[in-house]
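Breakdown of the fold
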Amino acid sequence: MADDKIIKGDPMNTDISDTGHGYEDRELTYYDDNVGGRAVFVDAKEQWGDEDPYPDTTILPERDKDMTPVLEVKNLGIDFGGLTAVDNFSLAIGRTEIAGLIGPNGAGKTTIFNMLTKVYEPTRGEIFFNSKSTEGMNTVDINKAGMARTFQNIRLFDKLTVEENIKVALHSYTDYHLLNAVFHSPKYRREEKRIHEEAMKMLELFEMTDVADHKAGSLPYGAQRRLEIMRALATKPRLLLLDEPAAGMNPSETAELMKTIKEIRDKFQIAILLIEHDMSLVMGICEGIAVLNYGRTIAKGTPAEIQSNPQVIEAYLGKSRGKMEEEEDIEKQDPEAAFKKGKVTSKVESRPDRAKPAADHAKGTPGKTDKKGKEIR
Amino acid sequence: MAERKENKAGAKRLRNIFFGNEYKKEATISYGILIVGYILLQLGANAGLIGRNLQGQFVPICVYISLAISLNLVVGISGELSLGHAGFMSVGAFTGIIVTRMMEASMPSGNVRLFFAVLAGAITAAIAGIIIGIPILGLRGDYLAIVTLAFGEIVRNIMNVLYFGLDGKKLKFAFNHTIDGVEGNQRIITGAIGATGVTKTATFTTAMLLTLFTLFVVLNLKNSKHGRCIMAVRDNRIAGESIGINVKKYKLIAFVVSAALAGMAGAMFGQNYSTLAPLKFNFNTSVLILVFVVLGGIGNIWGGILAATLLTILPEALRQFADYRMLTYAVVLIVVMICTYNPTIRARAGMVWEKISPRKRRKKKAEEAADHDETGKEEM
């Protein structure tokens, strides 16, 4: 990038050599050409003054605190019919943070991804991406603004080759129009050569050059996952959303993936938000973690804080026998209170919070519940 | 020995040029079929080996091949079902006829008139494609098939009642007979009777040039940013949107380019007959073109070329069975579909292919040799 274009707060031009995060190693300066004019980061103070609407930067990594977070989500919620899938979800992600979103199955993690990328339109709340509201944007606009994602069920372009999958993702950076394409003009050849090189560079980085000509659908599972990440990266995002990147991988593959994710962050200088069930991965690389249960945020914090959070342990493992008995004692002493709480006192339930609320039945209103026994509001 | 090595390297380079990747392979085969076919038919006709009846089919064959290639852009590459290709053909054909009739006085050269007819056909068909493409391409599912089917019928019905006449140099049109019978008025298109008195300007060579052009456009488009985006959206729409592909835009590009190419083919078709009725471009024609595409293998361009050629020649060759043509299509389509998706039949075909294919055979031989004689392996 030329000197005159330096904007305060741009991670590419900020001296971060003293952060101690190994960012000095920037041999692959992917953003240097600044193709497509991706938005650059702005100083939080400059943008908002003292009236920063989302000052929730408490769990951002120290190095990111001066800048506006790449993503700020406030009170996000979505209803499907009468069912509230996600409610009151707030989050801030620093510009070079690796953040995690965890929670039991059906907690609403993927729904949040879908809201961030506007596959679903949120019912409530606001999303600020790179200090700009995403209201009125669609999935395509979101990607163009600099958010890219992968999918829980791999979604590749199966009949295209590996290289083409990446070339497709580079389409916004391929600068020729339809007539050039139809007549294969010199401009077409120039641009095709350039994006071929760019795609090969990406493949090299992920050590997949040898399968460049293979059909994406014919790749083994792990390679497909990697290709999906590469495809998302090729759109040159500022925030990468990974939906269960380690699903179906063995421990050694997961360790490899962990390293890869870290490398991506370090080399591309981007923020990463990932959904994952593999705790070794989440606790190993995430700097901030949000825990969801039933669409509600039950905890936020660093991996250490999350690991010792009793609510999180409860959501994942159920209550300890000691605690349950303690509660039972209270209920015995005060049956009225237990009745109001709608608690089913059962030792068999490993996750008492998932039991059907008995209170509704008592009140005579048949409580509508979904498959997992959750109350529909 | 060294010479042989050089030869081998040369052959390899040559192979790389023509069969290096999938696009090159497809282009080589498709262009090869067309050019070889053209030369053979031309030689055969000159030597008097091909009867007049079949010679009369040369231009329609080229036109149907063009249509099959252009429909493949929508059905195979974009993955949408279009049932109104004959509608675009009709728009192109009648536009072409009007243009040539208007130019007849001032332009003596038939080929120049033909060129402008084809150009005008492409433009009007593209406009028609944009008009129906914009409202429906945002929709998902079978809507495109339904609307394009309706479009084809609408065009046919409009052409059935449309009258065009030339009054001196002024072009007149109406939806009834009012422009008919006026002094000095030249009829161009007369409702259900269609166009009459067209000077035939299409030739086998020009028709083949158009077919080559169609092939050129579709193959080039496929191997470009636009083609990749179109195919990506076909393979996975949600993933396509997630990497910032404007789905509607790229579907529209495929649809309109296909419509324009169909219009060109239609214009060529119109210039091959002295009279042309709107009824020619009915639903059966749309289905016929779709049959070419399906029979050749959806997305397989050279397959479509062969299917179009075969299915145009066959009914002429078997004229006495022409009554059963539509029935035969249905049966053939069903059989082809069963065969292509039946794993047993596919496996059998694969085994047969392995026996026939020289490359596979050589490979197998080499493998066997390697198994038998591990030590005797020579360094290259």
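Positions within a chain are numbered from 1, following the residues in the order the chain's sequence is written. Throughout, the order in which chains and ligands are written sets their labels, letters from A for the former and numbers from 1 for the latter. In keeping with the predicted nature of the model, local features appear solely for residues at pLDDT of at least 70, side-chain atom pairs appear and are counted solely at 80 or more, and the whole-chain, interface and lining totals rest on all residues. Processing note: side-chain calculations cover all non-hydrogen atoms of the structure and skip hydrogens and water entirely.

Quick notes on the overall build of chain B
Worth spelling out the cut-off: Per the convention used, a helix needs a DSSP run of H or I reaching at least four residues, while a strand needs a run of E reaching at least two, with both numbered from the N terminus. Burial here depends on accessible area, computed with a 1.4 Å probe over protein chains only, as a share of the maximum for the residue type. Under 20% is buried, over 50% is exposed, and the range in between is partly exposed. Two residues qualify as a contact provided that any one of their heavy atoms is within 4.5 Å of a heavy atom in the partner residue. The protein chains shown are the only cover counted for residues, whose accessible areas, like all others here, come from Shrake-Rupley with a 1.4 Å probe.
Scanning chain B for helices and strands turns up 16 helices and 4 strands. When burial is assessed residue by residue, chain B has 46% of its 380 residues classed as buried. Long-range pairs, those at least 24 residues apart, make up 74% of the contacts in chain B between residues at least 6 apart in sequence. For chain B, the exposed area adds up to about 19800 Å²; of that, 64% sits on carbon and sulfur atoms.

Considering the packing of helix α2 (residues 22–46) of chain B against helix α13 (residues 301–317) of chain B
The relative placement of two packed helices is expressed as an angle between their axes plus a distance between the axes. Residues and elements named next belong to chain B. Stated precisely, the cut-off is as follows: In this description, a line fitted to the C-alpha atoms serves as the axis of each element, helices being fitted only across the stretch in contact, and the angle between N-to-C directions of two axes falls anywhere from 0 to 180 degrees. Comment on the angle field: the value is read as roughly parallel under 35 degrees, roughly antiparallel over 145, roughly perpendicular from 65 to 115, and oblique elsewhere. Each crossing gets its handedness from the near helix: less than a right angle anticlockwise from the far helix is left-handed, clockwise is right-handed.
Closest axis-to-axis distance for the α2/α13 pair is 8 Å, and the angle between their directions is 20 degrees. In this view, α2 runs roughly parallel relative to α13, as classed from their interaxial angle. Once α2 is placed against α13, the crossing between them reads as left-handed. Counting all contacts with α2, which are made through E26, I29, S30, I33 and L34, the residues of α13 involved are I301, W302, I305 and L306.

Details of the pattern of salt bridges
Defined as follows: Here, a salt bridge means any side-chain nitrogen of Lys or Arg that lies within 4 Å of a carboxyl oxygen of Asp or Glu.
All told, the structure shown has 21 salt bridges over all chains when counted by the stated rule. Taking the shortest distance from any N to any O, the salt bridge between B:E80 and B:K251 comes out at 3.1 Å. Of this pair, B:E80 sits in the loop between α4 (58–77) and α5 (85–103) while B:K251 sits in helix α11 (residues 247–270), and the two are 171 residues apart along the sequence. When the shortest N-O distance is used, the salt bridge between B:E104 and B:R101 registers 3.7 Å. Note on B:E104: relative accessible area 27%, which makes it partly exposed. Look at B:R101 and you get buried, because its relative accessible area is 9%. Connected via shared salt-bridge partners are A:D79, A:D87, A:R124 and A:R296.

Remarks on the pairing of strand β7 (residues 239–243) of chain A
All names here are of chain A. Stated formally: If DSSP finds at least two bridges between two strands, the strands pair. Clockwise travel from the first strand over the helix to the second, with the strands pointing away from the viewer, marks a crossover as right-handed.
The buried fraction of β7 is high, at 5 of 5 residues. Neither face of β7 is open: one carries L239, L241 and D243, the other L240 and L242, and all of them are buried. In this sheet, β7 lies alongside strand β6 (residues 147–149) in parallel orientation, the contact comprising 3 bridges. Bridging across to β7, R149 finds its partner in L241. Alignment of β7 against strand β8 (residues 271–275), held across 5 bridges, turns out to be parallel. Looking at β8, one finds that L239 is bridged to A271. Between the parallel elements β7 and β8, the chain passes through helix α8 (residues 251–268) in a crossover that is right-handed.

Some thoughts on the nonpolar core
Put simply, the rule reads: Joining through side-chain atoms within 4.5 Å is the link that ties buried Ala, Val, Leu, Ile, Met, Phe, Trp, Tyr and Cys residues into a set, and such a set is a nonpolar core. How far each domain reaches was decided by an automatic or database domain assignment.
Grouped together as the largest cluster of nonpolar side chains are 153 residues, with contacts concentrated most on A:L240 and A:L274. Ranked by residues supplied to this core, first place goes to α11(B) with 17 residues. Viewed by domain, this core spans two of them, domain 1 (1–146 + 236–317) and domain 2 (160–233) of chain A, each represented by three or more residues. When residues no more than four places from it in sequence are discounted, the contact partners of A:L274 are A:I98, A:A99, A:G100, A:L101, A:F113, A:L242, A:I261, A:L281, A:V282, A:I285 and A:C286. Listed in part, the 28 residues of the second largest apolar core include A:L71, A:A85, A:V86 and A:I93.

So, unusual backbone geometry
Residues and elements named next belong to chain A. For N88, which is not glycine, the phi dihedral falls at a positive 55 degrees. As for its position among the elements, N88 is in strand β2 (residues 83–93). Phi is positive for Y294, close to 50 degrees, though the residue is something other than glycine. Mapped onto the secondary structure, Y294 falls in the loop between β9 (288–293) and β10 (296–301). For Y294, a relative accessible area of 17% puts it in the buried group.

Describing the interface of chain A and chain B
Let me state the cut-off plainly: In short, buried area is how much 1.4 Å probe accessible area vanishes from two parts on joining, totalled over both. Here a polar contact is taken to be a pair of N or O atoms separated by no more than 3.5 Å, where protein atoms must pair a possible hydrogen donor with a possible acceptor and residues adjacent in sequence count only if both atoms sit in side chains.
Taken together, the 31 residues of chain A in the interface contact 30 residues of chain B. Carbon and sulfur atoms make up 62% of the surface buried where chain A meets chain B, a total of about 2600 Å² over both sides. Looking at the side of chain A facing chain B, the largest losses of area belong to A:F157, A:H171 and A:V182, adding up to 21% of the total buried there. Linking chain A to chain B there are 2 salt bridges. Among the salt bridges present, the one from A:K215 reaches B:E22, with a minimum N-O distance of 2.5 Å. Inspection of the region where chain A meets chain B yields 16 residue pairs in polar contact (both at pLDDT 80 or more). For the side of chain A that touches chain B, the secondary-structure elements that each account for two or more residues are α3 (139–145), α4 (162–169), α5 (178–183) and α6 (186–205) of chain A.

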